[in-house]
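Secondary and tertiary structure notes
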Amino acid sequence: MVVWSPLGFNSGQQMANRFAMAPLTTDSSHEDGTAAENELEFVRRRAASGFGAAISSAAYVEKDGRSWQGIGAAHDGHLSSLHRLAQAMRAAGGLAILQIYDGGRIAKPELIGEQCLRAPSAVASLRPGAKTPRAMTSDEVENLIASFRQAASLARKAGFDGVEIHGANHYAVHQFFSPRANHRDDKWGGTLSRRMNFPLAVAEAVRSALGPKLIAGFRVTPFESEPDGYTLEDAKLLCNELARSNLDYISVSLDDYRNSRPAGETRVYHGPVEKAYTPVESPITAFARVVSGRCAIMASGGIKTCMDAEGAIKIGADLVAVGRAVVVDPEWLSKVRSRSEASILAGLPKDEFEIANALSIPPRMVEYLLSRPGWIPRL
Ligand SMILES: Cc1cc2nc3c(=O)[nH]c(=O)nc-3n(C[C@H](O)[C@H](O)[C@H](O)COP(=O)(O)O)c2cc1C
């Protein structure tokens, strides 16, 4: 089966199999952005089941772009925490990749102070209760690119094998690409090609900080389901440009890779999401054709079995990332490997104490998971 075969990246790094642990925020870091012991244990236990790579929860690159109580990669004070995280993620010898992000207009006012909310344009997100950010100055945009570069350099010093730019799920990099969020009329906005400038500049900055031998990945939401959002055709053009910038992979962020459903900005996890736009082909197939072997394609969303993973590879992915299945069952991959899929835990237990203890899930993360009904299955 292809899923158990190794994968070589452009940078020369090798993944022992095609399974990556998806980035999973635990919302449990210390206030200063250093990793807490229980979130290291969450990652260590899951990585130990043999993933070819583990991708970290998203680390903020500037404190004003923080969207939850997660890890930071914003200054030298984060270095030793990042080093411990990389070690935990390598529990079974797989690659350790640090995901980096900025929240832009969906940074959390309670964490950063409402007056600090800044984004490509002064347009509020569709999330209930969202505050209107102020538009970033062009100096702030340049500084944010420099912060992504610095975060990648911290990742290299901390011993990570690579970095994934979080360009998906409505955070700042996504916002710069979105005609809904980006109404700028300078080099960072306006036309489609100018809306690509920020994601491309971040990709270039990250590659220059990493050098040629570490992995650089980019996570993208393949289209926006909101009215007036960017389309799959727009995202294909972005992927084509990204593939020119020495990337190792593009990760396609979907809730379920089979029905091409990206998470909407309002994040309603139960019931169907209203779709303003439906692509005619799978974004995975479309992006695989566009990049045409220049970098790998990672699929994610709804992978619960080995056949699900093989299915994603059949339609064009080179590797898959697995999220909720490993939240619910920390030993998910070893059970898949030993063909004991029947013993995989199908949902979180009823008892919250049991969830935290038996499954090594930090208590704050348990709260966060349970606050979004329909997101994670319950027994
Ligand atoms: C608790 C939780 C935290 C997440 N945190 C992140 C994150 O930090 N960065 C990111 O790109 N995606 C994040 N995601 C999305 C997952 O990486 C994944 O794309 C999504 O859950 C769909 O895949 P799945 O069906 O295998 O869970 C998170 C998902 C969950 C359930």
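Starting from 1, residues in each chain are numbered consecutively following that chain's sequence as written. The predicted origin of the model limits local features to residues at a pLDDT of at least 70 and limits the giving and counting of side-chain atom pairs to 80 or more, whereas totals for whole chains, interfaces and linings rest on all residues. Note that water and hydrogens are dropped before the side-chain values are worked out from all heavy atoms of the structure.

As for the site of the ligand
Under the convention used in this document: We call a residue near a molecule or strand when any one of its heavy atoms sits within 4 Å of it. Any pair of N or O atoms that falls within 3.5 Å is considered a polar contact. Within protein, one atom must be able to donate a hydrogen and the other to accept it, and sequence-neighbouring residues count only if both atoms are side-chain atoms. Accessible areas in this description were obtained via Shrake-Rupley with a 1.4 Å probe; residue shielding takes into account the shown protein chains only. A pocket, in this scheme, is an open set of points on a 1 Å grid over the protein atoms alone with protein on both sides within 12 Å along at least 5 of 7 lines, while a cavity is a set where a 1.4 Å probe fits but cannot get out; residues line either one if an atom lies within 4 Å of a point. Those molecules having more than half of their atoms within 2 Å of a cavity or pocket grid point set are described as sitting in that cavity or pocket. Lys, Arg, Asp and Glu make up the charged group, whereas Ala, Val, Leu, Ile, Met, Phe, Trp, Tyr, Cys and Pro make up the nonpolar group; the residues left over, Gly among them, are polar.
As a structural note, the neighbourhood of the ligand is formed by 21 residues, with Thr 25, Gln 99, Arg 219, Gly 302 and Arg 324 the closest of them. Contact between the ligand and Thr 25: an oxygen atom at 2.6 Å from a side-chain N or O atom of the residue. Relative to its free-state accessible area of 610 Å², the ligand is covered by the protein chains to the extent of 94%. Placement of the ligand is best described as lying within the largest pocket. Per-class residue counts for the shell around the ligand are nine nonpolar, nine polar and three charged.

A closer look at unusual backbone geometry
For clarity, the cut-off: Secondary structure elements are defined from DSSP: runs of H or I of at least 4 residues count as helices, runs of E of at least 2 residues count as strands, and each element is numbered from the N terminus. Three exposure classes are used, based on accessible area relative to the maximum for each residue type with a 1.4 Å probe and protein chains only: buried under 20%, partly exposed in between, and exposed over 50%.
Of note, His 170 is a non-glycine position whose phi angle comes to about 75°, a positive value. As for its placement among the helices and strands, His 170 is situated in the loop between β9 (162–167) and α5 (172–177). Looking at His 170, the relative accessible area reads 4%, which means it is buried. Here the phi dihedral of Ser 360 falls at roughly 50°; this positive angle occurs in a residue that is not glycine. On the secondary structure map, Ser 360 appears in the loop between α13 (352–358) and α14 (363–370).

A closer look at the environment of Ala 203
What counts, and what does not: Throughout, a contact is declared for two residues whenever any of their heavy atoms are within 4.5 Å.
Mapped onto the elements, Ala 203 comes out in helix α7 (residues 197–210). As a C-alpha pair, Ala 203 and Leu 98 span 105 residues in sequence and 14 Å in three-dimensional space. Among residues more than four places away in sequence, those in contact with Ala 203 are Ile 165, Leu 242 and Ser 245.

So, the pairing of strand β12 (residues 296–300)
Regular strands have side chains that alternate between both faces of the sheet. Note the following rule: At least two bridges found by DSSP between two strands is the condition for calling them paired. When the strands point away from the viewer, a crossover counts as right-handed if the path from the first strand over the helix to the second runs clockwise.
In terms of burial, β12 is a largely internal element, five of the five residues being buried. Residue alternation in β12 divides its side chains into two sets, Ala 296, Met 298 and Ser 300 and Ile 297 and Ala 299, and both sets are buried. Where strand β11 (residues 249–252) meets β12, four bridges bridge the pair, whose relative direction is parallel. What sits directly across from Tyr 249, in β12, is Ala 296. Where β12 meets strand β13 (residues 319–322), three bridges bridge the pair, whose relative direction is parallel. Opposite Ser 300, over in β13, you have Ala 321 as the bridge partner. At this point the chain moves from β12, through helix α10 (residues 306–314), to the parallel β13, and the crossover so formed is right-handed.

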